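Structural description and commentary
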Amino acid sequence: MTRVAPASAPSSVSGAAPPDFATRLTLLLLAALTIMSGATIAPALPAMQAHFADQPNAELLVKLALTIVGLAIALSAPLSGVLADRFGRRPILIGSLLLYALGGASGLIVSSLGALLVGRVILGLSVAGTMTAGGALVNDLFTGPARGKFLSQQAAFTSFGGAVLLPLGGLLAGVGWRAPFAIYFISLLILPLVLRLPKGRHVAEISHEPEGKTAWGAIGLVYALALAYMVIFYLMPAQGPFLMKFLGASPAATGLLLGAFTLTAAITSLTYSRFSGRFDARTVAALGFGLVAGGWAIVSQGQNITSVIPGLIVAGLGGGLVLPNLYTWLADITPSAWRGRIVAGMSSAVFLGQFLSPLLLSAPADHPANGFVWGAGAALVVGAALLAFSFTGRPMRAAP
């Protein structure tokens, strides 16, 4: 792998002391909320579909209940980025956490699929603000190798959160399909921590700083890769529960399997954080795509629950490498005055990929493994193209 020269920059903005433990923990918790936004209710999807079976297009609409959150994020994240750049990060985070509880927990009381989808859209608006402002604040507080290390830790923490919350969602889904929606109230517990966060930089503070040439081509490429990755990776939370049910798994077992999948990604990200900055982020991301391809190929051939577990582990290994390195690559080419908006674009790409996943890689109910066949092929092609680019493109340079 191509090595990247370490940056001489301090670990935080303008030579300031590194963020304290409470600030780091809060940023990690905020990142964990993103996986909750959709995947927490994944084990309940089959029961939800049965509950709304008498409504037109229930099969598709129930899947959209999981992924419409991504569409709402994709459409609203650019506005969240502008607001975060103009007013600072903390005010956007506070408002977003309140909306998170309101929209997320609405599934406890709604009586129709339409109302459920409205609540999920509100949840998406909140996640757009949380992810955008939180990501911009990370870029404000960290630079160089310290930023790459924290981004890998953040990805690990997000996956650890999924490893806990997905099995919990599976257990609650065994009680009733509404029960997992109560988990969204957790955002209110994080609110006191957010109140003590730094406000973060905004336009008034950085408008006087000189801007270099913005690498829009590279930024667009990172966006495209993130979108493609999420279309492929989100196969498991979006369609995995239906494959698990087809293979005879209960909702609780499905939650445990999804949790094991995200736990593998967490361990990979955490382990890789020790080496962040030593290798070209593009090359490592390409390796991650290749592992996801191998994992989905194994899953697609599984004849029972036991036989798909190795595939989940291999795909989880890849998942722990792709997004942290794409975010590191993006952060290294982002000018300070555009951090909120460019992170917002990344949020849009990631969650648009989630929304498109069940539409682009949909599989018939009697052959639910087909989506994983197509996902494996797509991951292999994208990974090979990115690997070739990492060796032929310009060397990466860590941002100051």
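Of regular secondary structure, the protein chain possesses 15 helices and zero strands. Evaluated residue by residue, the protein chain yields a buried proportion of 57% over its 400 residues. A total accessible area of about 15,300 Å² is found for the protein chain, and carbon and sulfur atoms account for 70% of it.

Applying the stated criterion across every chain yields a total of five salt bridges. A salt bridge links Asp 20 to Arg 196, with the shortest nitrogen-to-oxygen separation between them at 3.1 Å. Of the two residues, Asp 20 sits in the segment before helix H1 (21-39) while Arg 196 sits in the loop between helix H7 (186-194) and helix H8 (203-206), which places them 176 residues apart along the sequence. Relative accessible area serves as the criterion here: at 38%, Asp 20 is assigned to the partly exposed category. Of the residues examined, Arg 196 reaches a relative accessible area of 39% and is grouped as partly exposed. When the shortest N-O distance is used, the salt bridge between Arg 89 and Asp 85 registers 3.0 Å. Take Arg 89 and Asp 85: they sit in the same class, and that class is buried. Linked through salt bridges whose partners overlap, the residues forming this network are Asp 85, Arg 89, Asp 140 and Arg 341.

Take Pro 358: it is sitting in helix H14 (residues 339-360). For Pro 358, a relative accessible area of 8% corresponds to the buried category. Sequence separation between Pro 358 and Leu 64 is 294 residues; the distance between their C-alpha atoms is 8.3 Å. Excluding anything up to four places from it in sequence, Pro 358 contacts Thr 67, Ala 238 and Gln 239.

Here we come to a nonpolar patch on the surface. On the surface, a nonpolar cluster with roughly 470 Å² of combined accessible area is contributed by Leu 98, Leu 108, Ile 109, Phe 185 and Leu 188. Of note, Leu 108 is situated in the loop between helix H4 (89-104) and helix H5 (113-141).

Further remarks concern the side chain of Thr 328. Following the sequence through the fold, Thr 328 ends up in helix H13 (residues 305-332). In this structure, Thr 328 is in contact with Gly 148 and Leu 151, ignoring residues within four places of it in sequence.

With the rule as written, the count across this model stands at 11 aromatic pairs. An angle of 40° between the planes, with centres 6.3 Å apart, marks the rings of Phe 181 and Tyr 184 as tilted. Neither residue differs from the other here; Phe 181 and Tyr 184 are each classed as buried. With a centroid separation of 5.0 Å and 25° between ring planes, the pair formed by Tyr 229 and Phe 233 is classed as stacked. With Tyr 229 and Phe 233 both in helix H9 (residues 216-233) and four residues apart, this pair spans about one turn of that helix. For Tyr 229, a relative accessible area of 2% gives the class buried. A relative accessible area of 14% places Phe 233 in the buried class. Aromatic ring contacts, followed pair by pair, group Tyr 229, Phe 233, Phe 261, Phe 289, Trp 296 and Phe 372 into a single cluster. The residue whose ring lies beneath Arg 282 is Trp 329, and the NZ or CZ to ring-centre distance is 5.9 Å.

Here we take up the nonpolar core. If you look at the biggest cluster of nonpolar residues, it comprises 101 residues, and the most contacted ones within it are Met 48, Trp 296, Leu 326, Met 346 and Val 350. Broken down by element, the residue count for this core peaks at 11 residues, all from H5. Once residues within four sequence positions are removed from consideration, Leu 326 is found in contact with Val 222, Leu 225, Ala 226, Ala 285 and Met 346.

Further remarks concern unusual backbone geometry. Excluding glycine, a negative phi dihedral is what most residues carry, and trans is how most peptide bonds are arranged. Backbone geometry places Asn 57, a non-glycine residue, at a positive phi of 55°. The topology assignment puts Asn 57 in the loop between helix H2 (45-51) and helix H3 (58-87). Residue class for Asn 57 comes out exposed when judged on its relative accessible area of 58%.

What follows deals with the packing of helix H11 (residues 251-272) against H13. Interaxial distance between H11 and H13 falls to 7 Å at its minimum, and their mutual angle equals 40°. The angle between H11 and H13 places the two elements in the oblique class. The element H11 and its partner H13 pack so that their crossing is right-handed. Residue-level contacts link Leu 257, Phe 261, Thr 264, Ala 265, Thr 268, Ser 269 and Tyr 272 of H11 to Ile 305, Ile 309, Leu 312, Ile 313, Ala 315, Gly 316, Leu 317, Gly 319, Gly 320, Leu 321, Pro 324 and Asn 325 of H13. The residue makeup of the contact of H11 with H13, split by class, is 12 nonpolar, seven polar and no charged.

Helix length check: H3, at 30 residues, gives a terminal C-alpha distance of 41 Å against a target of 44 Å (1.5 Å per residue), a fit within 8%. Considering bend angle alone, the principal kink of H3 is centred on Leu 66 and spans about 50°. Note on H3: the residue one or two positions beyond its end, Gly 88, has a positive phi of about 100°.

The next thing to look at is the environment of Leu 323. In this fold, Leu 323 is placed in helix H13. For Leu 323, a relative accessible area of 18% gives the class buried. In this structure the C-alpha to C-alpha distance between Leu 323 and Leu 151, which are 172 residues apart in sequence, comes to 9.1 Å. If sequence neighbours within four positions are ignored, Leu 323 has contacts with Tyr 229, Met 230 and Val 350.

Reading guide: rules and limits
Residues numbered from 1 in each chain as written. Predicted model: local features only at pLDDT ≥ 70, side-chain atom pairs only at ≥ 80, totals over all residues. Heavy atoms only, no water. Helix = DSSP H or I, 4+ residues; strand = E, 2+ residues; numbered from the N terminus. Buried < 20%, exposed > 50% of the residue type's maximum accessible area, 1.4 Å probe, protein only. Areas by Shrake-Rupley, 256 points an atom, 1.4 Å probe, with all protein chains shown as cover. Salt bridge = Lys/Arg side-chain N within 4 Å of Asp/Glu carboxyl O. Contact = heavy atoms within 4.5 Å. Patch = residues over 30% accessible without salt bridge, like charges linked within 9 Å, V, L, I, M, F, W, Y side chains within 5 Å. Phe/Tyr/Trp six-rings, centres within 6.5 Å; stacked < 30°, edge-to-face > 60°. Lys NZ or Arg CZ within 6 Å of the ring centre and 35° of its normal. Core = buried A, V, L, I, M, F, W, Y, C linked by side-chain atoms within 4.5 Å. Axes fitted to C-alpha atoms, helices over the stretch in contact; angles between N-to-C directions. Parallel < 35°, antiparallel > 145°, perpendicular 65-115°, else oblique. Left-handed = near helix turned anticlockwise from the far one by under 90°. Nonpolar A, V, L, I, M, F, W, Y, C, P; charged D, E, K, R; others polar. Expected span 1.5 Å × (residues − 1). Bend = angle between axes of the 7 residues up to and from the residue.

By themselves these figures say nothing about function.
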